[in-house]
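The residues making up each chain are set out below.
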Amino acid sequence: MKITAVEAIPLKATFAQTFRFGTTDRTTSPNVVVIIRTDDGAVGYGEACPVPAFTSETQHSIVELIAERVAPVLIGRDPMQHVPLLADVARVLKFAPFTVTAIDTALYDLAGRALGVPVSTLLGGAFRDRVAVHGSVGWDEDPAAMADLAVEQAATYTSIKTYAGRGELGADLDRLQAIRDAIGPEIALFVDVNGMWQPSDLVRALPRVPEIGLSMLEQPLPVQSTGLLTTLVGQLRVDICADESVRTVTDAARLAADRTATVINLGHSKLGGPTAARQAAQVADAAGLGLMVGSVIEMGIATAMGLHLAAALPRLAYPAYLMGPLKYRQVIATPQVEVIGSAIAVPTGPGLGVDVDEAALRRLDARR
Ligand SMILES: [Mg+2]
């Protein structure tokens, strides 16, 4: 079996509602679907979902990199030589994690489809057939709007992630309290600060954390200040999750040593693919750090990859953030994810276990 084509399709994808976090307002998403085909008719799909807050990659640059750098490396090669192929791709792609993610995912999908097994089997086997997921409430100026959305989410999810750091500290904490008052004590609440608090903000916020009933603070400090957490983390009654601080496997190894967090957010897109995410997970797990599987709110292909990745991890400290497809107006892969009992079923078919609608990809092609 030899790779004959590597295609990248830029999508015109839009969210049903504006999603606010950190300093970002997202209404559209510059996703790119990568399709790898072979001479015997096998096919694999991958998805890149670049986010400007994380990477300089753009939809346009990803399409160009796939055509100019990746395709010449992959065409004519055996797609089952997955990791050696990624090593060759790494020689031509520097600091392009979202592009690598699409290639890595497509190679997994292709191998799984060709062998007739789910990607979770290729990852060593599934520890679970359903992955617990949390809801999300984007930041809003109006605390009542956040509380209303949280109440809506609490009907579906047993835990909710929300955002802080964008407003003034006291007002943001009041927003969190408004959410807690609205949803009651039973729903677990996590807060992602996206690195927007200064150390003094964190110290001021800490007394209110147990009052509000937060179980986890994600990336409370900017990446360059996280060293300050070394002495603090062990004394806290709240988990500290590293997200922006963990962009590479090397970052996970550093965190295992410096202990500036108790949990890492394992998004396969930001880490440069499921292969790197698995390595980061093994390093973190071996060091006794908790894992939660994150995402950058992707469509159905990348989300299916996240579900297989989460299924194949022995321990998950927190529910995963994998309901991205529900936030988009468009559907490119079926079956659509469905949240039942605050969990999503891991697809069971070969490869990623989703049918990709190539006609929909052509209709959504941003170049049209
Ligand atoms: Mg985060």
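Residues numbered from 1 in each chain as written. Predicted model: local features only at pLDDT ≥ 70, side-chain atom pairs only at ≥ 80, totals over all residues. Heavy atoms only, no water.

Q: Honestly, the side chain of R175 in this entry has me stumped. Any pointers?
A: Secondary-structure assignment places R175 in helix α6 (residues 169-183). Assessed through its relative accessible area of 6%, R175 is described here as buried. Not counting residues up to four positions away in its chain, the partners in contact with R175 are W139, D140, E141, P143, M146 and G167. (Helix = DSSP H or I, 4+ residues; strand = E, 2+ residues; numbered from the N terminus. Buried < 20%, exposed > 50% of the residue type's maximum accessible area, 1.4 Å probe, protein only. Contact = heavy atoms within 4.5 Å.)

Q: What should I look at first to understand helix α1 (residues 59-74) in this one?
A: Three- or four-residue spacings in an α-helix give side chains the same orientation, since the helix completes a turn every 3.6 residues. Taken as a whole, α1 carries its principal kink of about 40 degrees at I66. Every buried residue of α1 is accounted for by Q59, I62, V63, L65, I66, V70, A71, V73 and L74. Check the buried side of α1 and you find it contacts β1 (3-10), β4 (32-38), β5 (43-48), α2 (82-92) and α3 (97-115). At the C-terminal side of α1, G76 shows a positive phi close to 90 degrees. (Bend = angle between axes of the 7 residues up to and from the residue.)

Q: How do you make sense of the packing of aromatic side chains when you look at a structure like this?
A: Here the distance between the centres and the angle between the planes together describe a pair of aromatic rings. Tallying each qualifying case throughout the model produces 3 aromatic pairs. Between the aromatic rings of F15 and Y328, the centroid separation amounts to 4.6 Å while the plane-to-plane angle is 40 degrees, which identifies the pairing as tilted. Of this pair, F15 sits in strand β2 (residues 13-21) while Y328 sits in the loop between α12 (300-311) and β14 (333-334), placing them 313 residues apart in sequence. The burial state of F15 is the same as that of Y328; both residues are buried. (Phe/Tyr/Trp six-rings, centres within 6.5 Å; stacked < 30°, edge-to-face > 60°.)

Q: Teacher, can you tell me more about helix α5 (residues 143-154) here?
A: With 12 residues, α5 extends 16 Å between its outermost C-alpha atoms, agreeing within 8% with the 16 Å of an ideal straight helix rising 1.5 Å per residue. Within the sequence span of α5, burial applies to M146, A147, A150 and Q153. Seen end-on, α5 carries its buried residues on one side only, within an arc spanning 120 degrees. Those residues of α5 that are exposed and angled more than 90 degrees off the buried face are D148 and E152. By the N-cap criterion, in which a side-chain oxygen at the helix start approaches the backbone nitrogen of a residue two or three places on, α5 is capped by D142, the distance to A144 being 3.0 Å. (Expected span 1.5 Å × (residues − 1). Arc of directions from axis to C-beta. Polar contact = N/O pair within 3.5 Å; in protein donor to acceptor, adjacent residues only side chain to side chain.)

Q: Got a minute to help me understand the sheet that holds strand β13 (residues 290-292) in this structure?
A: Backbone-to-backbone hydrogen bonds pair the strands of a sheet. The strands run either parallel or antiparallel. Strand order in the open sheet formed by 7 strands is β7-β8-β9-β10-β11-β12-β13, and the pairing between neighbours is parallel. On the outer flanks of this sheet lie β7 (135-137) and β13, each paired with one strand and no other. Neighbour-to-neighbour, the strand axes of this sheet turn through a mean angle of 25 degrees, independent of strand direction. Bridge analysis of β7 against strand β8 (residues 159-163) gives 3 bridges, and the strand direction is parallel. Looking across to β8, one finds that V137 is bridged to T162. Sheet strands touched by α6: β7, β8, β9 (188-192) and β10 (214-218). Its angle to β9, the strand with the most contacts, is close to 160 degrees. (Pairing = 2+ DSSP bridges. Axes fitted to C-alpha atoms, helices over the stretch in contact; angles between N-to-C directions.)

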